[in-house]
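Analysis of the macromolecular model
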Amino acid sequence: MPIRLHNSLTRRLEELRPLQPGKVTMYHCGPTVYSSPHIGNFRSFLFADVLRRFIEDQGSQVIQVMNVTDVGHLTQDDVEQGEDKMEAASRKAGKTAWEIAAHYEREFHDCQQKLFVRLPHHMPRATDFIPQMGAIIDDLLAKGFAYQVNGDVYFEIAKFPAYGKLSGKVIDELEEGARVAVNADKKDPRDFALWKTDAKHQMQWDAPFRSGARGFPGWHIECSAMSMHYLGSQIDIHTGGEDNIFPHHECEIAQTEAHTQRPFVQIWLHARHLLVDGQKMSKSLGNFFTVQQILDKGYSGLELRYALIRVQYQKPLNFTLKGLDEARASIARVQAARQRLVRVRDAADRAGAEDLDAAIAQANAQFTLAMSEDLNVSEALAAAFDFVGVCNRVQPSVASASHALALFARFEDVLACFGGEPVADATSEAPVALQELLHKRQQAKKGKDWATADAMRDEIASAGWKIVDTAIGPRLERS
């Protein structure tokens, strides 16, 4: 079945047709490592992860690159108008910019692991690609697309008439947006920086291009250099958050296509912003959460991942702590059904005789259809839970239980939000509400809230179940 994706460039659904059949090249704008990664960052990163997983599920090879921006992230081109995020973090923390970048890059990789991200094949740092950026800048100067003023180098967008084709911004809008950072050195206020000079900037290099002054790269040139190094001058998919569309991705297109004289990206994909409690995430509103802050509240990486991927990437996602509790219950429901199937598969003498093949085929097809239509995770999850309901209503044969478990393994391989195949034990027969109580009791014990832990134990006992401690954690058994 063909995969159709909403191309931000053409504003329509398009079939994914790789430039090289059977091999998909994909670039994703990664973190700027100046602070702890937050849940808004990871909505976009997890969307890219699910996309890659599904393309691989459908039989294609994927080469995925995600950059690490550790220098040059200026939202405005004029140093006096805005401070590089790495430099600002360095000043506030009393550490060097290099130390800041190294610390937060390690933290980002730790969050990737905790959220079960399939690591990109390449995660280059911008600071390792200064020579490649210089080669592009040199070429743009030679071709007349860029100009140099007092050591700074700017891309002249008047030389690239297609500028604005991704964002849909017309010239008047672009000019209005540029007026906040008027620089007399620019030929046009919309021109953007490829190379900047500033004696106060910690991270700087001898210019990697002819007749250049010591300085540091602009934000946009980094991604062009890294994507072309690993994936070539043309790539199949470029993803990011919707805030990347303008100016970052618009500038990427201009400088890359001016350099190569070829179309840069076939399909652009952008995830919508994450809302928290119905509002834009903000520290001033008290609704700003880093990944680690959520984990410190007692939620697992699986539960956070589920909460962040459950809505199709093109739709706004409202994140709430209640949603995390719902994610916990949903995961427990899936795992309980899988545990029951494991017991059937592993104990043939207690197996039933009902055949699940038709239900398996239907759920498999519905899941594939949903994911193929612009990565509709909501519909894919609905197909998975419909199948959970079927599994809970029948007494499957050993063969059917095995086939059903294989389908659940496929769901997990694509979405990675349920966990691995569970071990069969009596806990799987317990009502979901009691399983949640068991989990909350564990959290209460960790917090040394013994009164709450004892109350939950008593509530479980009154329902006819007991808690049995094992080497791998507690489980529930009938009293």
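So, how was this worked out
Residues numbered from 1 in each chain as written. Predicted model: local features only at pLDDT ≥ 70, side-chain atom pairs only at ≥ 80, totals over all residues. Heavy atoms only, no water. Helix = DSSP H or I, 4+ residues; strand = E, 2+ residues; numbered from the N terminus. Buried < 20%, exposed > 50% of the residue type's maximum accessible area, 1.4 Å probe, protein only. Areas by Shrake-Rupley, 256 points an atom, 1.4 Å probe, with all protein chains shown as cover. Expected span 1.5 Å × (residues − 1). Arc of directions from axis to C-beta. Contact = heavy atoms within 4.5 Å. Phe/Tyr/Trp six-rings, centres within 6.5 Å; stacked < 30°, edge-to-face > 60°. Lys NZ or Arg CZ within 6 Å of the ring centre and 35° of its normal. Core = buried A, V, L, I, M, F, W, Y, C linked by side-chain atoms within 4.5 Å. Pairing = 2+ DSSP bridges. Axes fitted to C-alpha atoms, helices over the stretch in contact; angles between N-to-C directions. pLDDT = per-residue confidence, 0-100.

Helix and strand counts for the protein stand at 15 helices and 15 strands. Dimensions of the protein, computed from the C-alpha atoms along their principal axes, are close to 80 × 50 × 35 Å. Taking all 479 residues of the protein together, 53% fall into the buried category. Put simply, the protein shows about 20500 Å² of open surface, and 50% of that area lies on carbon and sulfur atoms.

Okay, helix α3 (residues 97-114) next. For α3, with 18 residues, the first-to-last C-alpha span of 26 Å sits near the 26 Å given by 1.5 Å per residue. Of the positions making up α3, those classed as buried are A97, I100, A101, Y104, E105, F108, C111 and Q112. Down the axis of α3, the smallest arc covering the buried residues is 120 degrees, so these residues share one side. Residues R106 and Q113 are exposed on α3 and point more than 90 degrees away from its buried face. Tucked into the core, α3 has its buried residues touching α1 (39-57), β4 (61-66), α2 (85-93) and α8 (291-296). Backbone geometry just after α3 places F116 at a positive phi near 60 degrees.

Once that is clear, we can look at the packing of aromatic side chains. Within the structure shown, the criterion is met by 19 aromatic pairs. Where F145 meets F155, the ring centres are 6.1 Å apart and the plane angle is 10 degrees; that geometry is what we call stacked. Here F155 lies in strand β6 (residues 152-155) and F145 lies in the loop between α4 (130-143) and β5 (146-149), a separation of 10 residues in the sequence. By relative accessible area, F145 is classed as buried at 14%. Feature note: the residues F145, F155, F160, Y163 and F192 constitute an aromatic cluster, connected by ring pairs. Taking the ring centre of Y147 as reference, the NZ or CZ of K187 above it sits at 4.7 Å.

With that out of the way, let us pick up the nonpolar core. By size, the foremost hydrophobic cluster in this structure holds 128 residues, and its most contacted members are I39, F42, F155, F319, M371, F387 and L415. If we ignore the near neighbours within four places in the chain, the residues touching L415 are V50, R305, I309, F367, M371, V377 and L381. A430, L437, L438 and I460 belong to the second largest nonpolar core, which has eight residues in total.

Here the focus is the environment of W205. Tracing the chain through its elements places W205 in the loop between β7 (192-196) and β8 (216-217). Overall, W205 belongs to the buried group, its relative accessible area being 17%. Distance in space between the C-alpha atoms of W205 and H6 is 40 Å, their sequence separation being 199 residues. Residues contacting W205, with those up to four places away along its chain left out, are V71, W98, T127, I130, W195, R214, G215, F216 and P217.

As a further point, take the sheet that holds β4. If you walk across this open sheet you meet the four strands as β4-β3-β9-β10, and the pairing is parallel. Taken across any chain shown, the strands that pair with only one partner, and hence form the sheet edges, are β4 and β10 (265-271). Here the average twist between neighbouring strands, direction ignored, is 20 degrees. Here strand β3 (residues 23-28) runs beside strand β9 (residues 235-241); their pairing, made up of three bridges, is parallel. Paired with M26 across the two strands is I237, which belongs to β9. Lying on the sheet, helix α6 (residues 219-231) is in contact with β3, β4 and β9; it crosses β3 at an angle near 160 degrees.

That bond from F246 to P247 is cis: its omega, 10 degrees, falls within 30 degrees of zero. Counting through the fold element by element, P247 comes out in helix α7 (residues 245-260). Despite not being glycine, S211 has its phi angle at roughly 60 degrees, a positive value. Along the chain, the position of S211 falls in the loop between β7 and β8.

Before going further, it helps to examine the environment of C251. Considering the arrangement of structural elements, one finds C251 in helix α7. For C251, a relative accessible area of 1% gives the class buried. Taking C-alpha positions, C251 is 9.6 Å from W219, a pair spaced 32 residues apart along the chain.

As a further point, take helix α11 (residues 357-372). In a regular helix each residue adds 1.5 Å, so 16 residues correspond to 22 Å; α11 covers 22 Å between its end C-alpha atoms and thus fits that length. Each element contacted by the buried residues of α11 is listed here: β1 (4-7), α1, α12 (377-393) and α13 (398-415). Downstream of α11 by a residue or two, D374 has a phi angle that is positive, lying close to 60 degrees.

Once that is clear, we can look at the confidence of the model for the protein. Averaged over the protein, the pLDDT score is 90; the fraction of residues at 70 or greater is 92%. Note that pLDDT drops below 50 for residues 176-181; the model gives that stretch eight contacts with residues more than four away or on any other chain.

Before going further, it helps to examine the sheet that holds strand β11 (residues 274-276). Across the sheet, three strands lie side by side as β12-β11-β13; this open sheet has mixed pairing. Whereas interior strands pair on both sides, the edge strands pair on one side only; in this sheet they are β12 (279-280) and β13 (317-319). In the sheet, β11 pairs with β13 via three bridges, with the strands oriented parallel. Looking at the pairing, V276 lines up with F319 of β13. Where helix α9 (residues 301-309) meets the sheet, it contacts β11 and β13, and its direction lies at approximately 145 degrees from that of β13.

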